[in-house]
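# Coordinate inspection notes
What follows is the residue order along each chain.
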Amino acid sequence: QVQIVESGGGLAQAGGSLRLSCTTSGSIFTIGVMGWIRRAPGKQRELVANITSFGSAKYADSVKGRFTISRDNAKNTVYLEMNSLQPGDTAVYYCHADLKETYYSTYQEFWGQGTSVTVSS
């Protein structure tokens, strides 16, 4: 059984910062890409950032220069440091991890329950 637990969401003022964390636990052989997507009310979900196990990161244009993704492979944890927050960043943020549960299994994508971020102007 794989569990993904996010934390760190909440309320911030425009220009402020928040840090999201996401820890994967359970039956894990290896984790590949980990990342964050977000879904704002009335909008389609958007890839925010993802990072490989080697530390190669990609960002949505809308967050480049403001958000930083990082991971601690020993802790199976990915972080999203969000700075210079804008009201447009208001959304539910979901963490995902692409992982193999055993040596013989294929990579599957697992998702957390989401953490809400609200940015006030």
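First things first, this report covers the structure right here in the doc.

## Focus: the packing of aromatic side chains
Counted by the stated rule, this structure contains 2 aromatic pairs. Centroid distance F29 to Y103: 5.8 Å. Interplanar angle 85°. Geometry classified as edge-to-face. Of the two residues, F29 sits in the loop between β3 (18-26) and β4 (30-39) while Y103 sits in the loop between β9 (91-100) and β10 (108-111), which places them 74 residues apart along the sequence. Among the residues examined, F29 registers a relative accessible area of 46% and is labelled partly exposed. Classification of Y103 as exposed rests on a relative accessible area of 54%.

## Description of the pairing of β4
Of all the 10 residues making up β4, 7 are buried; the element is thus mostly covered by neighbouring parts of the structure. In the sheet, β4 pairs with β9 via 8 bridges, with the strands oriented antiparallel. Looking at the pairing, G35 lines up with H96 of β9. Sheet analysis places β4 next to strand β5 (residues 46-51), joined by 5 bridges and oriented antiparallel. Bridge assignment links M34 to a residue of β5, and that residue is I51.

## Re the state of the cysteines
Enumeration according to the criterion identifies 1 disulfide in this entry. Disulfide pairing places C22 opposite C95 at an S-S distance of 2.0 Å. Disulfide C22-C95: torsion about the S-S bond near -75°, hence left-handed. With C22 in strand β3 and C95 in strand β9, this pair connects stretches of sequence that are 73 residues apart. For C22, a relative accessible area of 0% gives the class buried.

## Quick look at the nonpolar core
Soluble globular proteins tend to pack their nonpolar side chains together in the buried interior. Judged by nonpolar contacts, the single largest core of 29 residues is most densely connected at W36, V48, F67, V78, L80, M82 and Y93. For this core, the elements supplying multiple residues, two or more each, are β1 (2-7), β3, β4, β5, β7 (67-72), β8 (77-82), β9 and β11 (115-120). By residue number, the principal contributor to this core is β9, which donates 5 residues. The residues contacting Y93, other than those within four sequence positions of it, are E6, L20, W36, I37, R38, V48, F67, L80, M82, G114, T115 and V117.

## Describing the pairing of β5
With antiparallel pairing between neighbouring strands as the criterion, β4 and β5 make up a hairpin whose turn holds 6 residues, including G42 at a positive phi of roughly 75°. Across 3 bridges, β5 lies against strand β6 (residues 57-59) in antiparallel orientation. The residue of β6 that forms the bridge with I51 is A57. The antiparallel hairpin formed by β5 and β6 contains 5 residues in its connecting segment, where G55 sits at a positive phi of about 95°.

## Observations regarding the sheet that holds β3
Ordered by their spatial adjacency, 4 strands build an open sheet running β1-β3-β8-β7, and the pairing between neighbours is antiparallel. Where the open sheet ends on each side, the last strands, each with one partner, are β1 and β7. Sheet twist, expressed as the average angle between the axes of neighbouring strands with direction ignored, equals 15°. Pairing of β3 with β8, which is carried by 6 bridges, proceeds in the antiparallel orientation. In the sheet register, L18 faces β8, and the bridge partner there is M82.

Cut-offs used in this document
- Sequence order as written defines the numbering, with residues in each chain counted from 1.
- The model is predicted, so local features are restricted to residues of pLDDT at least 70 and side-chain atom pairs to those at 80 or more, both for listing and for counting; the totals for chains, interfaces and linings are taken over all residues.
- Here the side-chain values reflect all heavy atoms present in the structure, with hydrogen atoms and water set aside.
- Aromatic pairing here means that ring centres of Phe, Tyr or Trp (its six-membered ring) are within 6.5 Å. Orientation follows from the plane angle: under 30 degrees is stacked, over 60 is edge-to-face, and everything else is tilted.
- Numbering of helices and strands starts at the N terminus; helices are DSSP runs of H or I of at least 4 residues and strands are runs of E of at least 2.
- Relative accessibility thresholds used throughout: buried, under 20% of the residue-type maximum; exposed, over 50%; partly exposed, between the two (1.4 Å probe, protein chains only).
- Here, strands pair whenever DSSP counts at least two bridges between them.
- Defined by distance alone, a disulfide is two cysteine sulfur atoms within 2.5 Å.
- Residues belong to one nonpolar core when they are buried, are Ala, Val, Leu, Ile, Met, Phe, Trp, Tyr or Cys, and are joined through side-chain atoms within 4.5 Å.
- Contacts: residue pairs with any heavy atoms within 4.5 Å of one another.
- Axis angles are defined between N-to-C directions and span 0 to 180 degrees, where every axis is a line fitted to C-alpha atoms and, for a helix, only to the segment in contact.

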